[in-house]
Each structure stands twice: as C-alpha cells, then as structure tokens.
Amino acid sequence: MKVKKQLLSLKAYDPGKPMSEVKKEYGLPKIVNLASNENPFGCSQSVSDALNSFSHYSRYPEGNAPLLREKVADRLGVKQKQLLFSTGLDEMIQMISRALLSPKTNVVMASMTFPQFRHHAVIEQAEIRQVPLIDGRHDLEGMQQVVDEQTSIVWICNPNNPTGTYVNETELSNFMEHIPKDTLVALDEAYYEYVTANDYPDTLKLMNDYENLLVLRTFSKAYGLAAFRVGYAIGHEALIEKLDIARLPFNTSSLGQIAAQAAIADEEFIQMSSYVNKMCLQQFYAFCNEYKVDYYPSQGNFIYIKLKKSVDEVFQYLMERGYIVRPMKDGIRVTVGTEEDNEGLISLLKQMFIEDASRLRLLS
Ligand SMILES: *Cc1c(COP(=O)(O)O)cnc(C)c1O
C-alpha cells in the first residue's frame, strides 16, 4: 500500500499490557495503576447525575459545544470565541500540527517532553528541532536559539511531562520577547490545576501582549474525566478561528460536553485534588531523600524518579507485585496516587533496594 513513508519511522501508541491480563498472569487480587496520571479520586460527584439525565443517543452532539463553551469562558474570563474544544488534548495537538506544519516548516520542542508533539510533526513532515532539558527543565535559551523564520510551532509543556518541572513567569515573558510574532508558542498546561508555584506564569494575562500564544488545558487530569476525552485551547480569536477549520465537525461527544460542564462547576473537587496531591508528593520526596534517589520536584500529579538500575527490571519488579508505573529513559514516572497506594509503591521500591543490596553482599 502507498502509505506515507514518514509513518514507517513511527510506532502506534503502545497502551501496555491490559490490566486484566497482568492480573491473571501474576495472580494479583488488584492492580494499582500509577502510569497515566489519572486523578486517584475519580471526578466530581455531580458528573454522574448530569450524565444520567441525558438520553439523546441518536442525536449528533452540538459541534461547537455551546454550553460548555459558555461555562469555560465565564470561568476563565475570556471570550467564547477564544476557545476551541477537542477530543482530549491529544486531538488538539494533532489539529494544531495539521493546521501549521508542512515539509518546509520546522517545529521546536524539548527532549524529553510529551511525545505527541513530535509524533504529529513527523506525520506532517516538518523538521523537528529538539533541545535537551537541563536538569529536567526546558532550556528556553537553547530553544530560542534554534527558532528561525521557518519555525511554525514552539511547544512548551508546562509543567513538563514527564519531569514535572515548570517554566516560570519571567522566563516565559523573556522567551516570548525573542520569538517572531508569526511563530505559534503552544503551552501545554495539562496539569495546570495541580500547580502550586507562585511564579507559575499567568498565560491568559500574557496573551494580552502576545497574539502568538496558545494555551492548552484538559479535563482528563485533575478533573478526572479522561474517559470522556475533552480538552480545549485558549487563544486570540483570529487564531482560534483558523484552527477551527482543521477540527472535525463533531469532535467532542455530547456526554463529554455534559460531563465537563458538571466538572468545571465543582471547584471544591479541584481544590481538594490539588491539595492532597501536594501533600502526597511529600511521601515521594521523603523516600527519595532518605534513600538518596534523584528526582525532579514536581508541579504535576506525577514524579520522575531516577534510578541507577535497569528501568525494565524495575518496571517488571513492580508490575509483578501489582503496581504499574511508566518506564522512562533513566527512571520511572509515577503518578501520585492515594496516600495508601503511594505507600505501597514506596515500600516495594525499598524492598527492591534491600534485595539488591543483599545480592551485592552475597557476590562480594
Ligand atoms: C495527558 C496529557 C495530554 C493529553 O491529554 P488528553 O486531554 O487526555 O488527550 C496532553 N499533554 C500532556 C502534557 C499530558 O500529560
């Protein structure tokens, strides 16, 4: 078949082994999934009530998500026309790439960062300029240096997935000063609701000065609605209007729109989730400090723990004992779960270290 040749260099997304299979294979009573940065508390109680009242299953959704649009615009204090909705941020990244990238353009991003930025750039045949993180943080100066006339998009994941580090207000404003006005700077703020740093940038305010800024947020993480696939972008009207042309007519589902409307009304749930997340991050910091394990302080609901031993081995060790984490280059990314689940994982890591140490002693 005449498949685009650039697809051959990519792999389809690997969802990992199904939980049911892992359970059966290792005879586990339950599995704790700390691999996908899902909210361990689920979502707002009001979501299921809202969903129960919907029965227009044979009707197409409202393509423009008007009711959700109104609620999000009110909440953020932006115009309704400044919003674009998508089937999760994954689709937003695809839409933006499709609308802006072509073989003559280039795209700038960090490495490591969210893999979908690169994935869609490859499909659109844009040149990819990746700038390594420094200490787990975006190297904005390095990124600025590789931006040129042909740069269509700069991706900044803030906080960065998988490291959890963030770009602060001063760094971002300085960066924006040096970027051409027709280069889109897309800030992926998927973990916005979890951020507690005082100097985290107010990107909606910054948007008053920079028309080339686009902010991405999602209902999948803190709002706990990953199953519904609802994300959105906030930008200047003229930009949103153009991106909207690349959108599928009925991208967000009726149920997704209803769930998101109910979720955004429940501020208390988000505050609780963010507060507990901050507390529980301390469990991981305490463990890492005690065992002299390197990690990046996180503004998200996950933590990157660096490990000196084989990542595959650690992943396997934890999986066989019922804990799924995300294997990374030189460590694991662990979602902050409930206090109990975090404790369970930490005990396993401690146990693993003790077993390693005694094996070494036997060898010497
Ligand atoms: C989870 C995640 C997304 C995708 O979220 P969906 O809205 O569920 O598609 C996008 N960007 C980052 C950085 C993420 O961590």
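Here, every reference points to the structure presented above.
Residues numbered from 1 in each chain as written. Predicted model: local features only at pLDDT ≥ 70, side-chain atom pairs only at ≥ 80, totals over all residues. Heavy atoms only, no water.

Draft legend 1. Structural detail: the pattern of salt bridges. Counting across every chain of the model gives 14 salt bridges. With its nearest N and O atoms 2.8 Å apart, the salt bridge here joins glutamate 189 to arginine 217. You can see glutamate 189 sitting in the loop between strand E6 (184-188) and helix H8 (203-206) and its partner arginine 217 sitting in strand E7 (residues 213-218), a full 28 residues away along the chain. Arginine 217 matches glutamate 189 in its accessibility class, with the two residues each being buried. We note a salt bridge from glutamate 320 to arginine 321, for which the minimum N-O separation is 3.9 Å. (Salt bridge = Lys/Arg side-chain N within 4 Å of Asp/Glu carboxyl O. Helix = DSSP H or I, 4+ residues; strand = E, 2+ residues; numbered from the N terminus. Buried < 20%, exposed > 50% of the residue type's maximum accessible area, 1.4 Å probe, protein only.)

Draft legend 2. Fine view of helix H7 (residues 169-177). Restricting attention to buried positions, one finds in H7 the residues Leu172, Phe175 and Met176. Along H7, the residues classed as buried sweep out an arc of 95° about the axis, all on the same side. Of the residues in H7, the exposed ones pointing more than 90 degrees away from the buried face are Thr170 and Glu177. N-cap assignment for H7: the residue whose side-chain oxygen lies 3.2 Å from the backbone N of threonine 170 is asparagine 168. (Arc of directions from axis to C-beta. Polar contact = N/O pair within 3.5 Å; in protein donor to acceptor, adjacent residues only side chain to side chain.)

Draft legend 3. Highlighting the site of the ligand. Asp188, Tyr191, Thr218, Ser220 and Lys221 are the nearest of the 13 residues found near the ligand. Take aspartate 90: an N or O atom from its main chain is 2.9 Å from an oxygen atom of the ligand. Side-chain polar atom of serine 220 to an oxygen atom of the ligand: 2.6 Å apart, as the coordinates give it. Coverage of the ligand by the protein chains reaches 94% of its 380 Å² of free accessible surface. At three residues, the largest contribution of residues to the shell around the ligand is made by helix H4 (residues 88-100). Tallied by class, the residues present in the shell around the ligand amount to five nonpolar, four polar and four charged. (Near = heavy atom within 4 Å. Areas by Shrake-Rupley, 256 points an atom, 1.4 Å probe, with all protein chains shown as cover. Nonpolar A, V, L, I, M, F, W, Y, C, P; charged D, E, K, R; others polar.)

Draft legend 4. A look at the side chain of glutamate 124. Note on placement: glutamate 124 falls in the loop between helix H5 (116-123) and strand E4 (127-132). The side chain of glutamate 124 is buried and forms no salt bridge, while arginine 98, the nearest opposite charge, is found at 5.1 Å. (Lys, Arg positive; Asp, Glu negative; His and termini not counted.)

Draft legend 5. Broad picture of a nonpolar patch on the surface. A cluster of nonpolar residues, Met1, Val3, Leu7 and Leu8, forms a patch on the protein surface that exposes about 510 Å² of accessible area. Here leucine 8 is to be found in the segment before helix H1 (19-26). By relative accessible area, leucine 8 is classed as exposed at 70%. (Patch = residues over 30% accessible without salt bridge, like charges linked within 9 Å, V, L, I, M, F, W, Y side chains within 5 Å.)

Draft legend 6. Here's a closer look at helix H10 (residues 254-265). For H10, with twelve residues, the first-to-last C-alpha span of 17 Å sits near the 16 Å given by 1.5 Å per residue. Among the residues of H10, Ser254, Gly256, Gln257, Ile258, Ala259, Ala260, Gln261, Ala262, Ala263 and Ile264 are the ones counted as buried. (Expected span 1.5 Å × (residues − 1).)

Draft legend 7. Layout of the packing of aromatic side chains. This model, assessed by the stated rule, comprises 15 aromatic pairs. Taking the centre distance of 5.3 Å and the plane angle of 35° together, the rings of phenylalanine 287 and tyrosine 291 count as tilted. In this structure an aromatic cluster arises from ring pairing among Phe85, Phe219, Tyr223 and Tyr232. Above the face of the tyrosine 317 ring, arginine 321 is positioned so that its terminal group lies 3.6 Å from the ring centre. Over the aromatic face of phenylalanine 302 sits the side chain of arginine 333, whose NZ or CZ is 5.9 Å from the ring centroid. (Phe/Tyr/Trp six-rings, centres within 6.5 Å; stacked < 30°, edge-to-face > 60°. Lys NZ or Arg CZ within 6 Å of the ring centre and 35° of its normal.)

Draft legend 8. Layout of the sheet that holds E4. Ordered in space as E2-E8-E7-E6-E5-E3-E4, the seven strands form an open sheet in which the pairing is mixed. Only two strands of the sheet have a single partner each, and these edge strands are strand E2 (83-86) and E4. Across the sheet, the axes of successive neighbouring strands diverge by a mean angle of 20°, strand direction being ignored. The pairing of E6 with E7 spans four bridges and is classified as parallel. Counterpart to aspartate 188 in the pairing with E7 is leucine 216. (Pairing = 2+ DSSP bridges. Axes fitted to C-alpha atoms, helices over the stretch in contact; angles between N-to-C directions.)

Draft legend 9. Summary view of the sheet that holds strand E11 (residues 326-327). Reading across from one edge, E9-E12-E11 is the order of the three strands in this open sheet, with antiparallel pairing throughout. Looking at which strands have only one partner, the edges of the open sheet turn out to be strand E9 (302-306) and E11. Relative to strand E12 (residues 331-335), E9 is paired through five bridges, and the arrangement is antiparallel. The residue of E12 that forms the bridge with lysine 306 is glycine 331. Sitting on the sheet, helix H11 (residues 267-290) touches E9 and E12, and the angle it makes with E9 is about 10°. (Contact = heavy atoms within 4.5 Å.)

Draft legend 10. Geometry of the side chain of asparagine 342. Mapped onto the fold, asparagine 342 is located in helix H13 (residues 339-363). The contacts of asparagine 342, once residues within four sequence positions are left out, are Cys280, Gln283, Phe284, Thr335, Val336 and Gly337.

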